[in-house]
Amino acid sequence: MATRIIPADWIKNWEKSGKHEFVQLCKNLAYKTNHDSTIKDIQAALYELCWHVIQGNFKLDLSASVLCDMMDLRDDMPSILADVFSILDIETSSLEEKNKRDHYTQLVGACLFFVPDAILKERLDPETLESLGLIKQAHQFNQKIVKIKTKLFYKQQKFNLLREENEGYAKLITELGQDLSGNITSHIVLESIKSLIGCFNLDPNRVLDIILEVYECRSDQDEFFLPLIKSYMCEPLTLCHILGFKFKFNQEPNEETPTSLYHIAAALLHHNLIELEDIYVHLMPLDASIVEEHKREITEAKQIARKLTMVVVPSEKTEDKEREKEEEKNDKAPDNQKLGLLEALLRIGDWHHAQSIMDQMPSFYATSHKAIALALCQLLHLTVEPLYRRAGVPKGAKGCLLRPLKNKRAPRPAESFEDLRRDVFSMLCYLGPHLSHDPILFAKIVRLGKGFMKEYQSEGRNDNVKDKMDTLLSCFLSIADQVLLPSLSLMECNACMSEELWGLFKLFPYQHRYRLYGQWKNETYTSHPLLVKVKAQTVDRAKYIMKRLTKENVKPSGRQIGKLSHSNPTILFDYILSQIQWYDNLIGPVVDSLKYLTSLNYDVMAYCIIEALANPEKEKMKHDDTTISSWLQSLASLCGAVFRKYPIELAGLLQYVTNTLKAGKSFDLLILKEVVQKMAGIEITDEMTSEQMEAMTGGEQLKAEGGYFGQIRNTKKSSQRLKDALLDHDLALPLCLLMAQQRNGVVFLEGGEKHLKLVGKLYDQCHDTLVQFGGFLASNLSTEDYIKRVPSIDILCNQFHTPHDAAFFLSRPMYGHQILSKYDELKKAEKSNRQQQKVHKYVAACELVMSPVHEAVVSLHPPRVWDDLRPQFYATFWSLTMYDLAVPHNAYDREVKKLQLQVQVIEENPDVPMNKKKKEKERCTALQEKLQEEEKKQLEHVQRVLHRLKLEKDNWLLAKSTKNETITKFLQLCLFPRCIFSAIDAVYCARFVELVHQQKTPNFCTLLCYDRVFSDIIYTVASCTENESRRYGRFLCCMLETVTRWHSDRAVYEKECGNYPGFLTIFRATGFDGGNKADQLDYENFRHVVHKWHYKLTKASVHCLETGEYTHIRNILIVLTKILPCYPKVLNLGQALECRVHKICLEEKEKRPDLYALAMGYSGQLKGRKAHMVPENEFHHKEQPVRSATPVSQQNGPGTTAKPATNASKTEEGVSEDADRAKDKSQGAAKPANKANSTAAKVTTSNGNGAPNSTKTIKERDDKEKSGKEKKEKREKTPGSTLETKGESRREKQRDERGAGGKEERAPREGKEKTPKADRDKQKAEEKSNKEDNKAKTGNGEPKEPSRERDTGAKESKSKEKGGDRSAVSGSLKSPVPRLESAESERDHKRRKLETHSSPSHSSSVKDNSNEPKDSASKHHINYNLVARSKSREREMTKKESENTRGRSKEKKTDDKDRKDRKRDHMTTDREMSLESKRRKDENGTNSSNKHSKSASPSSGSPVSADKEKTKRSKSSSKEKGESAKPERNSSGGKKESRHDKEKSDKKEKRDSSGGKDEKKHHKSSDKHR
């Protein structure tokens, strides 16, 4: 036993106290009130006492006496003791110790006199009874027991049927079938039945069976029969057997169980007359077979789904359909008695038993049978009716009243939302998707949900109520997930139910809705066979529709899509989106066909789009890792179109984009870009036309009309929806800040392993979207909303780490709003119409608004920045826009004319109905008025702004350091960051510089600013993305436009620059405002400077093109395309560019097609601009050299060697760049220089041959003496220019020339292959005309040197054309002004005087830099301008000699030496002329014999230089021979040379080698002469 009742001490001290204690214990136990526990405790006490006897611890006689005493305590004590003996009998029989068994037998024997034998015979084992002597033999006793049991339980009592009288049964039936409407009760009838049984000796069980049969026939009389059966019946099991027999009888193959039988069984169950477990076993089919059937249904559904998705031949389809029909005929479902009983239970409202039966079956198996689903729906109707009447019925609806069940045991009707938790929610969960059978109940449940949500959203609840409401909310969400949405899937395209459901769903936050849609789409359709089939059928139908969807049949297809989407939108949209990701041309038809969708479907569409975008299995990059995947681009386009056209909630999509940005991924910004573009009509494109750009500088109306490619109309509603979504969910500022931060994240965090091209695209996308989104916020948010959401500039930059350009971009509209509102306040406070007072008020408003900004910007940069730029200037630059600086009158006029034309067209069109005409005319007229009003408003605004700037300008620039430093800071902190921010900003930057110049701003050097912008664009271009390079190109174009305007007309220049401080060449103390004409850059020198800038741009462009880097080439081609209207203007620079671009076309055709396309595009446009290009001497004043002056530059002693070249390059480098470095030196020398210039100009005419030779020689001698002295002084000051450096530079040149010669012969061959016949004829004609010109000039006595140069240029251009535009870059880049003009001593002298303040390092830098592009260019082209090269070679030799003799030369000998040199040069030039004429004859002869050799080498100005070129060629011939063994890569056809071509090349090599010998002889003779 678990606890001991008798302690061991009682047994030891039995006589003293133990017996008394035991007896007392037994008495206490016997008098306990609890019957069961008393018996157990007494049994335990007796058991322990007996066990002590068996163990031998207690005497037998003592135990027998005490047990005998116990018998008086209770009447059932003998029975209790017998139970104890039976337990001990079992225990002792299994023990091995015989003595214990003996003790037990003795104890029972001693107790026989007070325990009856009958009780012991019942309880004890027969063997024990035999040992006690109670029975004779145990075996016989066992046989007797078996016989009795058989007789009792297994023998059927046979009634004598003849003894029963039929009359009794007839009377019984009559008694039961009588009219029960009177006072007849079940009790009266029961007495009659008893009498009939007794009188006619009727079988009681048959009587019960007849009662059930009559009840079955009169199943509506529950109130009578149920009490009758209850009072008649003695055993529930008997009733179950009889009912079971009835069910069994109806399980025969052709039998059908009547509903009345189900009803009485349900009624008996409901009133607890039978147990469900007892009757359930008699019902068929078995539970195992039900589970099997359910599994089979799922398998069949999956097979059907698989068949629908498979590609099947039409003949097979028809066969399958026929087979299915046959199976349906044969497979009639067997009678399911369990479901019948379940239905009956539901009909009478017994939910408890019905629930128990449904729990035995698979989920939704029972309710998949329509009858059961309808029965459950009916029960639900009755349960929710009171609550629905109170909180669910919409206004104006009556509804039909339902009669409640008479059954009091049915579920209680719900009076409040809390009551729904009792039964309704569980009933709905059992019903599941089969609520679809009862759309009315569906609507009721949805309306109850709406009623609950209204209560839930109302405020003023305590915590306890709030918890209950939260629980109810989760219940409603579960019902929506498990019941409402699956039921909608099984409904036949019921649009009303879809709209009703949306009435509930729209009250949920989008997070809850999207979670429900996700469950619906991804899990619900696998839960039930019906849903599996429905999904497959929907996909099949969707395929059918999408195959036939085109632009032409949008309406009928749209109706079909709408019909299909009412029930299964998730499946349909999933398929449609998958198709759109593959075929983007479907976007238009699909968007148009979605107009028949319900509101719920649109919301589901938004979810499906987001899910498709967030699909982790799809790569957002193409396989080449350089571009965004097309599926993402297609989805983004769809987003924009769908969200604009239809009223879909945007919050989810915007939050998705925000979340991806937070995660550091910027791919999905493409979606935001498309949405804003389509919904707000704000385009972001850098490919705007000039007209569009002009329109974009106007007001909002002008922007909408003329600023975008697509006229996106009617964006008011859609932009309002977008704005509301952003403001309601507080996403406006976070999106802006995340995009601004993500720009750098793209490069440094997201970039990683990605291709540079992709990184650039992502950066551009991020930046463009920021600009577009910021523009949307600026134009759509109210002033209050904007100011409330955007923090101050210092917080944006310092706390949110927003880049400065983006921070000002976001803050700029805020400043404009604030200034205008403050201005309006001041106007209202003091009313006055005077323009002057209005302007003053505007200035005051600006000061009030911008003062805090001036203070805030100080923290953005280190203090030293503000030494030069004032915070006021910085803030002004960043806060203004093009709208503030200029009014686009042309754009306004253009748009007004367009509208007038539209009105005219409408009036002339007879097909348009009158009312439509009227509407259109009214619209156009209203737009015209709006535009004119807007123009007037902008004009007033611009005038106010310009007046404000005029007042501010004196305090803009402090210039505590040099002007160069000021310009650097301005470029670094203002101009460059903003000019690449947007296309409008690029224009703004250029116009702002022009405005600062026009305002005559102190300490602002316009010349220096332009110079710094144009001088070296390589680094800026290389660091740009694709779109940034477009903007940078636009900026350069605008800057060049201004420069070109000044360059084109002296009057314009004098008017706009003549007396402006920005064009000072000498800088005095700060605050000096110009005014002295001598300090200004004159017009002609400005033209030189502009040429220098063009040259610099060419140099930078060629450098970028030659790097081979993708970014460099792409960006420079974009920039060059953008600046094409203003550059190149000079012919030779244009030709150099053309050659280089042509090379890019050839190189990149196969490798990088995008670069090839860019290069081809630019090349074509450049050729089109050739007509507008001018020769260099027309672009800026370039004096022609005199014949007698040519040798001076070549052999003029140490003092003047290469001096003119230096001066020319100084002019090219510009006045402004080194102004700051040489302020002190220049102050004293500027005015005399100008005087000298003016006198020199009088003496020398522009073409160089107007004055007599004697005056020229005298001038030249004076100039040489002066230049010699200056050169000496410079050498003494700058010891760096030694012989070593000059020697090195010469070696480099020679190396370059050797490299260039190696591939010169390739050009003629390519020329032969490429030159078309028409071009060759044209070239011949040009050659003839050139020769005639040359003859005419020689006949007129003009100097031959220039004519030779022109001839060279002409022939060079021909060779370029023949060689497929492969002209040499090296010649055009070697020097901005060709070096053969060294004799122009007067102009050089003039320039030297003008530029005494400029740095001597300029010329050398130009030379060095110009050598860079020469190397690569010369590989493919014949050297250009051989005259210049020969002269530079001779100049180098004379330099060397002059350096050697510098110590020995004296001033006296210089004059004599000059004269000798001049004589010797005359002889040399004569000899050169004779050799030249001979060579021309030879070449003419060769040309006549071989047409193809025209492009072999252009005629040069000097035979010496030509011979040098030939020797170079002969040296490189060995290299070329090695190369000729391989097929030439650069030739277009890729064919080998013919034997004829080889012979020609051999002849040419011989001629070249003979030319080389002549050259050597010529050198020897010249050395002797020296």
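On a predicted model such as this, the values are computed, not experimentally measured, just so you know.

Student: Is there a simple way to think about the overall build of the chain in this case?
Tutor: Counting its secondary structure elements, the chain contains 74 helices and zero strands. Here the chain holds 1570 residues, and the buried ones make up 53% of them. Expressed as a percentage of contacts within the chain between residues at least 6 apart in sequence, the contacts between residues at least 24 apart total 79%. As displayed, the chain offers around 75100 Å² of accessible surface, 51% of which is attributable to carbon and sulfur atoms.

Student: Any chance you could explain the packing of helix α2 (residues 14-30) against helix α4 (residues 60-70) here in plain terms?
Tutor: Contact pair α2 / α4: the axes reach a minimum separation of 11 Å and the direction vectors enclose 30 degrees. Here α2 lies roughly parallel to α4, going by the angle between them. As for how α2 packs across α4, the hand of that crossing is right-handed. For the pair α2 and α4, the contacting residues are Trp14, Glu15, Lys19, Phe22, Val23 and Cys26 in the first and Leu62, Val66, Asp69 and Met70 in the second. Across the contact of α2 with α4, the residue classes break down as seven nonpolar, no polar and three charged.

Student: What exactly am I supposed to notice about the packing of helix α23 (residues 439-457) against helix α25 (residues 495-505) here?
Tutor: In a packed pair of helices, the relevant descriptors are the angle between the two axes and the axis-to-axis distance. Between α23 and α25, whose axes approach to 8 Å, the crossing angle comes to 20 degrees. Between α23 and α25, the angle falls in the class roughly parallel. The way α23 lies across α25 gives a crossing that is left-handed. On α25, the residues that touch Pro439, Phe442, Ala443, Val446, Arg447, Gly449, Lys450 and Met453 of α23 are Met497, Glu500, Leu501, Gly503 and Leu504. Partitioned by chemical class, the residues of the contact of α23 with α25 number eight nonpolar, two polar and three charged.

Student: Please clarify how the pattern of salt bridges should be interpreted in this entry.
Tutor: By the definition in use, this model includes 48 salt bridges. Salt bridges linked by common partners bring Arg991, Glu994, Glu1041, Arg1045 and Glu1056 together as one network.

Student: Mind showing me how you'd approach a nonpolar patch on the surface here?
Tutor: A contiguous nonpolar patch, built from Ile148, Leu152, Phe153 and Tyr154 and spanning about 540 Å² of accessible area, is present on the exposed surface. Following the sequence through the fold, Tyr154 ends up in helix α9 (residues 138-154).

Student: It is not clear to me how unusual backbone geometry should be interpreted in this structure. Could you clarify?
Tutor: Working note: non-glycine residues mostly have negative phi, and peptide bonds are mostly trans. In this model, Met284 is joined to Pro285 through a cis peptide bond whose omega is -5 degrees. Cis geometry marks the peptide bond from Tyr1127 to Pro1128, where omega comes out at 0 degrees. Phi angles above zero are rare outside glycine, and Phe364 is one such case at about 65 degrees. Structurally, Phe364 is set in the loop between α20 (351-359) and α21 (370-392). Phi is positive for Asp730, which is not a glycine, with a value near 50 degrees. With respect to the element layout, Asp730 can be found in the loop between α37 (716-728) and α38 (732-750). Taking the relative accessible area as the measure of exposure, Asp730 reaches 51% and is therefore exposed.

Student: Mind showing me how you'd approach the side chain of Asp868 here?
Tutor: Looking at the element boundaries, Asp868 is found in the loop between α43 (835-857) and α44 (871-879). Judged by its relative accessible area of 0%, Asp868 is buried. Within the structure, the side chain of Asp868 is placed 2.5 Å from the side chain of Lys969, a separation counted as a polar contact.

Student: What is the right way to read helix α49 (residues 983-998) from this model?
Tutor: With 16 residues, α49 ought to run about 22 Å at 1.5 Å a step, and its terminal C-alpha atoms sit 23 Å apart, in line with that. Burial analysis of α49 places 14 of its 16 residues in the buried class, which makes it a mostly covered element. Two residues or fewer past α49, Lys1000 is found with a positive phi of approximately 55 degrees.

Student: Would you explain the nonpolar core in this entry?
Tutor: Counting 318 residues, the largest nonpolar core has Phe505, Phe970 and Phe1035 as the members making the most contacts within it. Of all the elements, helix α24 (residues 463-490) adds the most residues to this core, at 13 residues. Here Phe970 is in contact with Leu869, Phe873, Phe877, Leu975, Phe992, Val993, Phe1004 and Cys1009, once residues within four sequence places are set aside. Counting residues in hydrophobic clusters, the runner-up holds 46 residues, among them Cys26, Tyr47, Leu49 and Leu124.

Student: Could you clarify how one ought to interpret α25 in this entry?
Tutor: An α-helical turn contains 3.6 residues, so any two residues separated by three or four positions project in the same direction. For α25, the tally of buried residues reaches eight of eleven residues, placing the bulk of the element in the interior. Every buried residue of α25 is accounted for by Met497, Ser498, Glu500, Leu501, Trp502, Gly503, Leu504 and Phe505. Turning to α25, the residues buried within the fold contact α23, α24, α26 (510-522) and α31 (599-613). Of the residues flanking the start of α25, the one acting as N-cap is Asn494, its side-chain oxygen 3.2 Å from the backbone nitrogen of Cys496.

Student: So what exactly am I meant to see when it comes to the environment of Phe114 here?
Tutor: For Phe114, the location among the structural elements is in the loop between α6 (98-110) and α7 (117-123). Here Phe114 falls in the buried class, since its relative accessible area comes to 12%. Put simply, Phe114 and Leu67 are 47 residues apart on the chain and 9.0 Å apart in space, counted from C-alpha to C-alpha. Beyond its immediate stretch of four places on either side in the chain, Phe114 contacts Ala64, Leu67, Cys68, Met71, Pro78 and Leu81.

Student: How do you make sense of the packing of aromatic side chains when you look at a structure like this?
Tutor: The geometry of an aromatic ring pair comes down to the distance between the two centres and the angle between the two planes. Using the criterion set out here, one finds 49 aromatic pairs in the structure. Ring centres of Tyr514 and Tyr607 lie 5.7 Å apart, and the angle between their planes is 55 degrees; this geometry places the pair in the tilted category. In this pair, Tyr514 sits in helix α26 while Tyr607 sits in helix α31, placing the two residues 93 residues apart along the sequence. Using a relative accessible area of 11% as the deciding quantity, one classes Tyr607 as buried. Judged by centre distance (5.9 Å) and plane angle (80 degrees), the ring pair of Phe877 and Phe970 falls under edge-to-face. In this pair, Phe877 sits in helix α44 while Phe970 sits in helix α48 (residues 963-979), placing the two residues 93 residues apart along the sequence. Assigned by exposure class, Phe877 and Phe970 land together as buried.

Student: Help me understand the side chain of Arg978 in this model?
Tutor: If you trace the backbone, Arg978 turns up in helix α48. A relative accessible area of 1% places Arg978 in the buried class. Arg978 has contacts with Arg812, Phe877, Trp878, Ser879, Leu880, Thr881, Asp985, Ala986, Tyr988 and Cys989, leaving out every residue within four places of it along the chain.

Thresholds applied
- Residues numbered from 1 in each chain as written.
- Predicted model: local features only at pLDDT ≥ 70, side-chain atom pairs only at ≥ 80, totals over all residues.
- Heavy atoms only, no water.
- Helix = DSSP H or I, 4+ residues; strand = E, 2+ residues; numbered from the N terminus.
- Buried < 20%, exposed > 50% of the residue type's maximum accessible area, 1.4 Å probe, protein only.
- Contact = heavy atoms within 4.5 Å.
- Areas by Shrake-Rupley, 256 points an atom, 1.4 Å probe, with all protein chains shown as cover.
- Axes fitted to C-alpha atoms, helices over the stretch in contact; angles between N-to-C directions.
- Parallel < 35°, antiparallel > 145°, perpendicular 65-115°, else oblique.
- Left-handed = near helix turned anticlockwise from the far one by under 90°.
- Nonpolar A, V, L, I, M, F, W, Y, C, P; charged D, E, K, R; others polar.
- Salt bridge = Lys/Arg side-chain N within 4 Å of Asp/Glu carboxyl O.
- Patch = residues over 30% accessible without salt bridge, like charges linked within 9 Å, V, L, I, M, F, W, Y side chains within 5 Å.
- Polar contact = N/O pair within 3.5 Å; in protein donor to acceptor, adjacent residues only side chain to side chain.
- Expected span 1.5 Å × (residues − 1).
- Core = buried A, V, L, I, M, F, W, Y, C linked by side-chain atoms within 4.5 Å.
- Phe/Tyr/Trp six-rings, centres within 6.5 Å; stacked < 30°, edge-to-face > 60°.

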